Amino acid sequence: MATNPAVRISRLRALIDHPRTGSSERDTAQRMLNRILRTSRPITDAHRQYGSGYSRLGRHAGLDSIAEMIRDDITMARTNRLSAAELSEVAPLDPVANAPKDIQIDVDVLHDCEIVVTISCIPTAWGWCRDGGIDVYSPALRALVDELASIVDSFDHSGEDITNRFFGRVRVGDTTVVW
């Protein structure tokens, strides 16, 4: 698998532009490309920073609409799993797509100002490992949490002259992992 972002970007663009690529595969490749581009250069103006998904919704969209878009992104990533051959040639590893099928991911709006992503039904062998006699999150679970936090953050904005659009957090069961 290519680890160079330039190679990943060119492969994803080739997949997106190919005439035989299905619409769901094209959407998934576009989302992966957006994630790579988001980490390399944030959208900014003089005093504000906008997430890459911010422009997909209207300026005055409510939290219910934002939560629905987050659910759609998560569902799209989970349903479009690539085969081992496609994964090694086309796309980087995606923690959301590679998570066990038993995992349940819920997106809720709380208190009209907060979006909470809750991960539950995590297989113990996949989600935790022992470190000095203490159960800690496995690297795979940590990668999943970080990717979900990145998806949530992509719909937010911040800056010197504005406040965040909403508060977002990712929980594993009842424990908040990312705020």
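Treat the numbers as computed from the prediction; the structure is a model and nothing was measured.

A.B. asks: Sorry if this is basic, but what is going on with the confidence of the model for the protein chain here?
C.D. replies: Keep in mind that low pLDDT regions are not for reading the predicted coordinates in detail. In this model, the protein chain carries an average pLDDT of 79, and 73% of its residues clear a pLDDT of 70 or more. Across residues 40-44, confidence stays below pLDDT 50; counting only partners more than four residues off in sequence or on other chains, it has seven contacts.

A.B. asks: Looking at this structure, I do not really get the pattern of salt bridges. What am I missing?
C.D. replies: Any two side chains of opposite charge can pair, so long as their charged atoms come close to each other. Counted by the stated rule, this structure contains four salt bridges. A salt bridge links Glu68 to Arg71; its shortest N-O distance comes to 3.1 Å. Taken together, the residues Glu68 and Arg71, both in helix H3 (residues 63-79) and three residues apart, mark about one turn of the helix. A residue is classified by how much of its surface remains accessible, and Glu68, at 39% relative accessible area, is partly exposed. The shortest N-O distance in the salt bridge between Arg130 and Asp135 comes to 2.9 Å. Accessibility expressed as a relative area gives 58% for Arg130, which makes it exposed.

A.B. asks: I would appreciate a short explanation of unusual backbone geometry in the present structure.
C.D. replies: Trans peptide bonds make up the majority, and among non-glycine residues the majority have a negative phi. Here His111, not a glycine, exhibits a phi torsion of approximately 60°, which is positive. Exposure remark for His111: the relative accessible area of 66% places this residue in the exposed category. Of note, the phi angle at Asp112 is positive, near 55°, even though the residue is not glycine. Under the relative-accessibility criterion, Asp112 is labelled exposed at 75%.

A.B. asks: Can you walk me through the pairing of strand E6 (residues 134-137) in this structure?
C.D. replies: The pairing of strand E5 (residues 128-131) with E6 spans four bridges and is classified as antiparallel. Residue pairing in the sheet places Asp131 in a bridge with Ile134 of E6. Counted along the chain from E5 to the antiparallel partner E6, the turn is two residues long, and its residue Gly132 has a positive phi close to 65°.

A.B. asks: Could you clarify how one ought to interpret the packing of aromatic side chains in this entry?
C.D. replies: Under the definition given, this model contains one aromatic pair. Ring centres 6.3 Å apart and planes at 40° place the aromatic pair Trp128 and Tyr137 in the tilted group. Under the relative-accessibility criterion, Trp128 is labelled partly exposed at 27%. You can call Tyr137 partly exposed: its relative accessible area is 28%.

Rules of the game
- Residues numbered from 1 in each chain as written.
- Predicted model: local features only at pLDDT ≥ 70, side-chain atom pairs only at ≥ 80, totals over all residues.
- Heavy atoms only, no water.
- pLDDT = per-residue confidence, 0-100.
- Contact = heavy atoms within 4.5 Å.
- Salt bridge = Lys/Arg side-chain N within 4 Å of Asp/Glu carboxyl O.
- Helix = DSSP H or I, 4+ residues; strand = E, 2+ residues; numbered from the N terminus.
- Buried < 20%, exposed > 50% of the residue type's maximum accessible area, 1.4 Å probe, protein only.
- Pairing = 2+ DSSP bridges.
- Phe/Tyr/Trp six-rings, centres within 6.5 Å; stacked < 30°, edge-to-face > 60°.

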